[in-house]
Amino acid sequence: MTRSEFDDIRAFLADGATHAGDLLSIARTLTDDLEHARMREAVLRTHYLRLLTAARATVAADTVGAPDPMAFLKHELGERGQLPEDGEAVQRILSDARTAAALLECLENAAPQRPRGTRLRRCVGMRRTLPR
């Protein structure tokens, strides 16, 4: 859910003309959204754990001099359709990795900036409609 959608819901809840039935409808919608987000998070955690396990097994296999230490990682990436297929893809992936590393370094070294002045609340592109 976007920040704008949260702001829209807050404004709707603060409106004195909002009826109890409308609030119940919003509560049901938000509960459904929360359940959907929790399921997505569980799936992402599972994918992350599998990839992390494959990466650790790859490093461990390399440490003991296994004949094909990359087998674990190749298998996991292959299961997800993420293995590079040709030389062009390899160069693009390496370039993307270098760019991502540089961006992360900039983010980690940047001092957090606090917004100054009052925050303007405005709606930009609504995805859901609220009952009236």
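Think of each chain on its own: its residues are numbered from 1, step by step along the sequence as written. In keeping with the predicted nature of the model, local features appear solely for residues at pLDDT of at least 70, side-chain atom pairs appear and are counted solely at 80 or more, and the whole-chain, interface and lining totals rest on all residues. Computation of side-chain values: all heavy atoms of the structure, hydrogens and water removed.

Numbering of helices and strands runs from the N terminus; a helix is a DSSP stretch of H or I covering at least four residues, while a strand is a stretch of E covering at least two. Helix and strand counts for the protein chain come out as four helices and zero strands. In sequence order, the protein chain lays out its α and β elements as α-α-α-α. Looking at the 132 residues of the protein chain, the share that counts as buried comes to 13%. In the protein chain, 53% of the contacts between residues at least 6 apart in sequence involve partners at least 24 apart. Calculation of accessible area relied on Shrake-Rupley with a 1.4 Å probe; when residues are assessed, cover is drawn exclusively from the protein chains displayed. For the protein chain, the exposed area adds up to about 11,300 Å²; of that, 58% sits on carbon and sulfur atoms. Relative accessibility thresholds used throughout: buried, under 20% of the residue-type maximum; exposed, over 50%; partly exposed, between the two (1.4 Å probe, protein chains only). Any two residues whose heavy atoms approach within 4.5 Å are treated as being in contact.

Attention now moves to the pattern of salt bridges. Whenever a carboxyl oxygen of Asp or Glu lies within 4 Å of a side-chain nitrogen of Lys or Arg, that contact is scored as a salt bridge. For the coordinates displayed, the defined rule picks out five salt bridges. Salt-bridge contacts for Arg80 lead to Glu76; the nearest nitrogen and oxygen are separated by 3.5 Å. The class of Arg80 is partly exposed, set by a relative accessible area of 33%. Taken together, the salt bridges that share partners define one network made up of Arg50, Glu76 and Arg80.

This paragraph deals with the packing of helix H2 (residues 20-63) against helix H3 (residues 71-79). To get an axis, fit a line to the C-alpha atoms, keeping to the stretch in contact for a helix; angles then go from 0 to 180 degrees between the N-to-C directions. In the contact formed by H2 and H3, the axes pass within 7 Å of each other and the chain directions differ by 155 degrees. One finds that H2 runs roughly antiparallel with respect to H3. Here Arg50, Leu51, Ala54, Ala55, Ala57, Thr58 and Ala61 of H2 come into contact with H3, specifically with Phe72, Leu73, Glu76, Leu77 and Glu79. Residues are grouped as follows: nonpolar covers Ala, Val, Leu, Ile, Met, Phe, Trp, Tyr, Cys and Pro; charged covers Asp, Glu, Lys and Arg; every other residue, Gly included, is treated as polar. A per-class count over the contact of H2 with H3 returns eight nonpolar, one polar and three charged. Note on angle classes: values under 35 degrees are labelled roughly parallel, values over 145 roughly antiparallel, values of 65 to 115 roughly perpendicular, and the remainder oblique.

Here the focus is the environment of Thr18. Looking at the secondary structure, you find Thr18 in the loop between helix H1 (3-14) and H2. Assessed through its relative accessible area of 16%, Thr18 is described here as buried. Every residue in contact with Thr18, bar those within four places of it in the chain, is listed here: Phe12 and Leu23. The term polar contact refers here to a pair of N or O atoms within 3.5 Å; inside protein, the definition further demands a hydrogen-donor-capable atom paired with an acceptor-capable atom, and it admits residues adjacent in sequence only when both atoms are side-chain atoms. Within the local environment of Thr18, its side chain forms a polar contact with the backbone oxygen of Phe12, the two atoms lying 2.6 Å apart. From its side chain, Thr18 meets the backbone oxygen of Asp15 in a polar contact 3.1 Å long.

Right, let's talk about the confidence of the model for the protein chain for a bit. Confidence in the prediction of the protein chain, expressed as mean pLDDT, is 85, and 83% of residues score 70 or more. Confidence of the predictor at the level of single residues is given by pLDDT, which spans 0 to 100. The weakest mean pLDDT in the protein chain belongs to H1 at 82; the strongest belongs to H3 at 94.

As a further point, take the packing of H1 against H2. Closest axis-to-axis distance for the H1/H2 pair is 11 Å, and the angle between their directions is 155 degrees. Considering their axes alone, H1 and H2 lie roughly antiparallel with respect to each other. Crossing geometry of H1 relative to H2 is assigned as left-handed. Mapping the contact onto sequence places Ile9, Phe12 and Leu13 in H1 and Asp22, Leu23, Ile26 and Leu30 in H2. Crossings are sorted by hand: turned counterclockwise from the far helix by less than a right angle, the near helix makes the crossing left-handed, and turned clockwise it makes it right-handed.

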